[in-house]
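Reading the structure
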Amino acid sequence: MTPMEPATINMPVLALRGLTVFPHMNLTFDVERPISIAALERAMEGEQDVFLVTQREIGVEQPEEKDLYQIGTVSHIRQILRLSSGSARVMVEGRRRARLRRLWQSSPYLQANIEVLPEEAPSEARSPRAEALLRQAWSLFSEYAQLSGSVPGEIVTAVMDSRDVGYLADFIAQNIPLRHTDKQGILEELAPFVRMRKLNGLLARECSILGFEHEMEGKIRDQLIRTQRDQILRTQIRVLQNELGEDDEDEVEDYCRKILELQLEEEAEKHLLKEAGKLSRQPYGSAEASVIRNYLDVCLEMPWNTETRERVSVEAARKVLEKDHFGLAKVKERILETIAVRQMNPKGKGQILCLVGPPGVGKTSIAISVAKALNRKLARLSLGGVRDEADIRGHRRTYIGSMPGRVIDAIIRGGSMNPLLLLDEIDKLGNDYRGDPASALLEVLDSEQNHSFRDHYMEIPVDLSRVMFITTANTTDTIPQPLLDRMEVIRLSSYTDEEKVEIARRHLLPKQLAEHGLKKSSLRVGDDVLRAVIRDYTRESGVRLLERRIAALCRKTDMKLVSGETKRVTVMEEDLPKFLDCQPYPPALHTEKEETGVVNGLAWTETGGEILEVEVVVCEGTGKLELTGNLGDVMKESAQAALSCIRSRAAVLGVEAEFYKNKDIHVHFPEGAVPKDGPSAGIAVTTAMLSALTDRKVKAGLAMTGEVTLRGRVLAIGGLKEKTMAALRNGIGTVLIPKDNIRDLEEIDQTVRAALNFIPVETVDQVFAAALVPMPEAAREEAPVFPPIGREKKEAAVLRQ
């Protein structure tokens, strides 16, 4: 620096991460940060000088003054090579040390007030002291270069030719891989002799480290050589033993020791020791020896005498079940009763439960929650499509590639003798010429027999009495009766719309928000929108399709947020077709006005309840009864019973006595492509026939369900919970139900009970009185008088309350 230059100057600043530039040294590095690119561009507009200073922490993206060291290097930009629009490669030459006084600009690039530091020339450049430091540096650097093996020859030559103490310290520090903090310490030292002493200390440390590295590499190399030598010798010994027919005594002794350590029952221990004895008499490489080794390995993998400590606490289980599932009160209560029994009698036999319900209602997840609540290991066996008995009992060892059955494999995977085994989709077991797996499960799921279950592969008794079995099924119709008798069936009905809303709000929506990287404030979905999705875009008993619909809303939200259209998405009901990329399901076909010969029935399906409209037309003819709509035998017989009931009461009901001779009656159930069956549409068919025969209209906003007999009695039906939900969903206000189904109203959702007017009926006369519109005054004198409902109206009022 000439005397005319100012001591303090303003200059663009380039913050380096993990790099240090020394004066009089050239360095090439890549630049990617926008503030660094802008600093280079600003420097190129002037004298091409830039202040290079190292960051204290490499991870800081937007450095401030406190993030930078005080001492850096004023450097001259030699060359800039553009790599892409956002990065460049720059070559600089260090000029002088400088001190950062004040960083007064941080955007769009760093700019600071710096003080150029004068170079201190050593006062004793030719003194013995300088010569001693140089010789020490040469010696240490030569040792370092020899140990490292990666120092170029020209670097070594340049070091040996240099006699300037300060320059040599900077040159060596620039050209060897030191930590950036060590290099910064060399850069900040202005006194040449002190700088060289620091560098010599760092070189001595690096030489020591490299020496240790070489020593460890030598030991590892020697160990590998010894290992390879031992392996080769052992292989040669085994080949010789195989040729001579000798056995490997160490292997057999190891198997015997492990068998004795397990402390098995006498029968199992004797059998396994016998197999180990067979192994000792087999040539090492024989096929039989491999079969015996595999067998012993599988038996030793079994968690004999290992059990997890069971947490039998009803309150803890209740908390887990309530946290993981909403609704299903009866199911939870039954599971808690099972846990209470375990709490009172810990030594009791394992429970065998069968959860039956439509898809997606939470059967598998409930079993997982039970395992979590009891602190038991969980192992899942999917039985859907299993047709081979050997999948359950295992294959005999006479077959090549034989293995234990799925039950033993699940216990091995569970790692304990008291796991919770989840047998999923037990109703979908098949059978063929290879056997019946359902029959093989009879012993497994019998608490009186499974204490000594014998797998075909293992051939020793295994105690399954401590295992808790939970099976799942969609229906019990396909489960063989002997197998069904061994399980306690717990039925899970479909969720109500309000339960689905709560499940979506508490579980599904937060889960999908997390999976799609959304915050709670990014997507707003109200309860009304969830109800619309459930009502118009799903047809299911469970919530799987509902979860996929919510996932579709989250995906659309991600697209809007990424594209910058909005910062927050609020889904409205009218936006659903656009968000879900589909049109809503058409509403169930039903009448909403007073009509003749048209009645709203109620039906149960696997996906919930539905409105089932019944249409009856009476024409002049010869007394034929036409039944259309893809009906099953039971429904056809129900229609025949309805006709016979009306014929037997024709005089009382005001129907022409000879109508069955000169009238053709056509009963049709719309949506003919859908199969329909069951007796619960009996009173709906009867009412529609009477309405068509007497030309009396049926009241609007009314639906009914119930089986009818020839004598006009109304019998109980099933699926009332799902049917009433369908009535509410389709705007029905009054529902006629059999009186024997009053007890089932306790299981109906409170929202449904409060919204609907239930009228219990015992006979078709009460059905006609409640469902048919009163006749005009002119025809009322000749019309039959149906018995009043009386007490049932009071009961309906009470039920509605």
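Our subject is the structure listed above.
Rules behind the numbers
Residues numbered from 1 in each chain as written. Predicted model: local features only at pLDDT ≥ 70, side-chain atom pairs only at ≥ 80, totals over all residues. Heavy atoms only, no water. Helix = DSSP H or I, 4+ residues; strand = E, 2+ residues; numbered from the N terminus. Rg over C-alpha atoms; globule rule 2.2 N^0.38 Å. Buried < 20%, exposed > 50% of the residue type's maximum accessible area, 1.4 Å probe, protein only. Contact = heavy atoms within 4.5 Å. Areas by Shrake-Rupley, 256 points an atom, 1.4 Å probe, with all protein chains shown as cover. Pairing = 2+ DSSP bridges. Axes fitted to C-alpha atoms, helices over the stretch in contact; angles between N-to-C directions. Expected span 1.5 Å × (residues − 1). Phe/Tyr/Trp six-rings, centres within 6.5 Å; stacked < 30°, edge-to-face > 60°. Lys NZ or Arg CZ within 6 Å of the ring centre and 35° of its normal. Salt bridge = Lys/Arg side-chain N within 4 Å of Asp/Glu carboxyl O.

1. Points about the overall build of the chain
Helix and strand counts for the chain stand at 29 helices and 26 strands. Here the chain has a C-alpha radius of gyration of 44 Å; the compact-globule value for 801 residues is 28 Å, and the former is much larger. With respect to the three principal axes, the spread of C-alpha positions in the chain is 140 × 85 × 50 Å. The 801 residues of the chain split such that 48% are buried. Considering only contacts within the chain whose residues lie at least 6 apart along the sequence, 73% involve residues at least 24 apart. In the form shown here, the chain has an accessible surface area of approximately 40500 Å², with 50% of it arising from carbon and sulfur atoms.

2. A few points about the side chain of histidine 271
Looking at the secondary structure, you find histidine 271 in helix H8 (residues 266-280). Beyond its immediate chain neighbours, meaning those up to four positions away, histidine 271 contacts Tyr295, Arg397, Met458, Glu459 and Ile460.

3. Section: the environment of isoleucine 352
Of note, isoleucine 352 is situated in strand S7 (residues 352-356). Since its relative accessible area comes to 9%, isoleucine 352 is described here as buried. Remark: the alpha-carbon pair of isoleucine 352 and glycine 401, spanning 49 residues in sequence, is separated by 32 Å. If near-sequence neighbours (up to four positions away) are discounted, isoleucine 352 is found in contact with Leu445, Asp446, Ser447, Phe469, Arg486, Met487 and Glu488.

4. Description of the sheet that holds strand S12 (residues 468-473)
Taken together, the 5 strands give an open sheet; going across it, the order is S8-S9-S12-S7-S13, and neighbouring strands pair in parallel fashion. The sheet terminates laterally at strand S8 (378-382) and strand S13 (488-491), the two strands that pair on one side only. Within this sheet the neighbouring strands show an average axis-to-axis angle of 20°, counted without direction. On the sheet, helix H12 (residues 363-374) packs against S7, S8, strand S9 (420-424) and S12 and is oriented at approximately 165° with respect to S12.

5. Description of helix H2 (residues 128-148)
Because each turn of an α-helix spans 3.6 residues, side chains separated by three or four positions end up pointing in the same direction. Taking 1.5 Å per residue as the helical rise, H2 with its 21 residues ought to reach 30 Å, and the 30 Å between its terminal C-alpha atoms agrees with that figure. Within the span of H2, buried status applies to Ala130, Leu133, Leu134, Ala137, Trp138, Leu140, Phe141, Tyr144 and Ala145. The first or second residue beyond H2 is glycine 149, which carries a positive phi of 75°.

6. What about unusual backbone geometry?
Between serine 107 and the following residue, proline 108, the backbone shows a cis peptide bond with an omega angle of 0°. With respect to the element layout, proline 108 can be found in the loop between strand S5 (87-105) and strand S6 (110-116). At asparagine 375, a position not held by glycine, the phi torsion is positive, near 60°. By secondary structure assignment, the location of asparagine 375 is in the loop between H12 and S8. Using a relative accessible area of 37% as the deciding quantity, one classes asparagine 375 as partly exposed.

7. Here's the deal with the side chain of threonine 308
Looking at where threonine 308 falls in the secondary structure, it is placed in the loop between helix H9 (287-301) and helix H10 (314-324). Non-local contacts of threonine 308, meaning those with residues more than four positions away in its chain, are made with Asn375, Arg376, Lys377, Ser416 and Asn418.

8. Regarding the packing of aromatic side chains
Using the criterion set out here, one finds 4 aromatic pairs in the structure. Seen from their ring centres, phenylalanine 659 and tyrosine 660 are 6.1 Å apart, and the 90° between their planes marks the pair as edge-to-face. Its end group placed over the ring of tyrosine 295, arginine 397 keeps NZ or CZ at 3.9 Å from the ring centre. Stacked on the ring of tyrosine 660, the Lys or Arg arginine 647 has its end atom at 3.7 Å from the ring centre.

9. Describing the pattern of salt bridges
If you walk through the whole model with that rule in mind, you get 49 salt bridges. Across the pair arginine 397 and glutamate 459 runs a salt bridge, and its minimum N-O distance is 3.2 Å. Linking arginine 397 in the loop between helix H13 (390-393) and helix H14 (406-414) with glutamate 459 in the loop between strand S10 (453-454) and strand S11 (461-462), this pair joins segments that are 62 residues apart in sequence. A residue is classified by how much of its surface remains accessible, and glutamate 459, at 33% relative accessible area, is partly exposed. Here the residues in one salt-bridge network are Arg179, Asp182, Arg205 and Glu206, joined through shared partners.

10. Notes on the sheet that holds strand S19 (residues 625-628)
Reading across the sheet, the 7 strands line up as S19-S20-S18-S17-S22-S25-S26 and stay open at both edges, with mixed pairing between neighbours. On the outer flanks of this sheet lie S19 and strand S26 (757-761), each paired with one strand and no other. Strand-to-strand, the axes of this sheet are offset by a mean angle of 30°, without reference to chain direction.

11. Structural notes on the environment of serine 493
Within the fold, serine 493 resides in the loop between S13 and helix H17 (497-515). Of the residues examined, serine 493 reaches a relative accessible area of 30% and is grouped as partly exposed. For serine 493 and cysteine 299, which are 194 residues apart along the polypeptide, the C-alpha to C-alpha distance reads 42 Å.

12. A word on the environment of glycine 597
Its place among the elements puts glycine 597 in the loop between strand S16 (595-596) and strand S17 (598-605). As a C-alpha pair, glycine 597 and threonine 687 span 90 residues in sequence and 7.8 Å in three-dimensional space. In this structure, glycine 597 is in contact with Val614, Glu615, Val616, Ala688, Ser691 and Ala692, ignoring residues within four places of it in sequence.

Everything listed is a geometric property; what it means functionally is a separate question.
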